[in-house]
Amino acid sequence: MPTALVNGVKLYYEDTCPENDAGMPVLVLMHGAFGNSMSWWQNIPVFQDHFRCIAFDSRGYGRSPDPSGEGLKHYIDDLEAFLQHLEIEKVCLVAQ
């Protein structure tokens, strides 16, 4: 179960091509309210031949805890730190 320690919280994520040997563009899939990374399970097979797909559970959703109860307050900061953790500088964002 891959997790990234981001701003003191372990965020769960799925990554179709962690090494990205082919240099594919990175597509980050962000779930909507009350969703999680599984919100994208039907879409990822369509995109993964052309993109490195990363779907994550934001703080307080799915398999990512939210010990402070302030998940939405940290949403953007967590996303930025998550991308830095994965050493990703350029992404395409898809959100629900």
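First, a word on what this report is: a plain description of the structure on this page. Note on numbering: residues in each chain are counted from 1, in written sequence order. A pLDDT threshold of at least 70 governs which residues receive local features in this predicted model, and a stricter bar of 80 or more applies before side-chain atom pairs are shown or counted, although totals over entire chains, interfaces and linings include all residues. Side-chain metrics rest on all non-hydrogen atoms present in the structure, leaving aside hydrogens and water.

## Considerations on the sheet that holds strand 3 (residues 26-30)
Pairing is mixed in the open sheet, where five strands are placed in the order 1-2-4-3-5. With partners counted over all chains shown, the strands left at the sheet margins are strand 1 (3-6) and strand 5 (92-95), one partner each. When the angles between neighbouring strand axes are averaged without regard to direction, this sheet yields 30°. Here, a strand pair is defined by DSSP locating no fewer than two bridges between the strands. Numbering of helices and strands runs from the N terminus, with a helix taken as a DSSP run of H or I at least four residues long and a strand as a DSSP run of E at least two residues long. Strand direction decides the pairing type here: strand 1 and strand 2 (residues 9-15), joined by four bridges, are antiparallel. Following the sheet pairing, Ala 4 is matched in strand 2 by Leu 11. Axis definition: a line fitted to C-alpha atoms, limited for helices to the stretch in contact. Angles are taken between N-to-C directions and run from 0 to 180 degrees.

## Some details on the environment of Ala 22
With respect to the helices and strands, the residue Ala 22 is situated in the loop between strand 2 and strand 3. Separated by 63 residues in sequence, Ala 22 and His 85 place their C-alpha atoms 20 Å apart.

## With respect to the environment of His 50
Locating His 50 in the fold gives a position in the loop between helix 1 (44-47) and strand 4 (52-56). A relative accessible area of 55% places His 50 in the exposed class. For His 50 and Gly 8, which are 42 residues apart along the polypeptide, the C-alpha to C-alpha distance reads 32 Å. We call two residues contacting when some pair of their heavy atoms lies within 4.5 Å. With residues near it in sequence (within four places) discarded, His 50 still touches Met 24 and Pro 25. Burial status follows relative accessibility: with a 1.4 Å probe on protein chains alone, a residue under 20% of its type maximum counts as buried, one over 50% as exposed, and anything between as partly exposed.

## Quick notes on the side chain of Asp 15
With respect to the helices and strands, Asp 15 occurs in strand 2. Judged by relative accessible area, which is 15%, Asp 15 ranks as buried. Polar contacts, as used here, are pairs of N or O atoms within 3.5 Å; protein pairs need one atom able to donate a hydrogen and one able to accept it. Residues neighboring in sequence count only if both atoms are side-chain atoms. In this structure the side chain of Asp 15 is engaged in a polar contact, spanning 3.1 Å, whose partner is the backbone nitrogen of Cys 17. Polar contacts involving the side chain of Asp 15 include one to the side chain of Arg 52, which spans 2.6 Å.

## As for the nonpolar core
Buried Ala, Val, Leu, Ile, Met, Phe, Trp, Tyr and Cys residues that are joined via side-chain atoms within 4.5 Å together make up what is termed a nonpolar core. Grouped together as the largest cluster of nonpolar side chains are 17 residues, with contacts concentrated most on Tyr 13, Val 28, Ile 54, Phe 56 and Phe 82. The set of elements that each furnish at least two residues to this core consists of strand 1, strand 2, strand 3, strand 4 and helix 2 (75-85). Contact partners of Ile 54, with chain neighbours within four places excluded, come to Tyr 13, Glu 14, Asp 15, Val 26, Leu 27, Val 28, Leu 29, Phe 82, Leu 86 and Ile 88. With six residues, the next largest nonpolar core counts Leu 27, Trp 40, Ile 44 and Cys 53 among its residues.

## Topic: helix 2
Of all the residues in helix 2, the buried ones are Tyr 75, Asp 78, Leu 79, Ala 81, Phe 82 and Leu 83. Next to the buried residues of helix 2 lie strand 1, strand 2, strand 3, strand 4 and strand 5.

## Observations concerning the environment of Arg 52
With respect to the helices and strands, Arg 52 occurs in strand 4. Overall, the relative accessible area of 7% leaves Arg 52 in the buried class. Measuring from C-alpha to C-alpha, the distance between Arg 52 and Asp 21 comes to 9.9 Å, with 31 residues separating the pair along the chain. Not counting residues within four places of it along the chain, the set of residues in contact with Arg 52 comprises Asp 15, Thr 16, Cys 17, Pro 18, Asn 20, Met 24, Pro 25, Val 26, Leu 27 and Ile 88.

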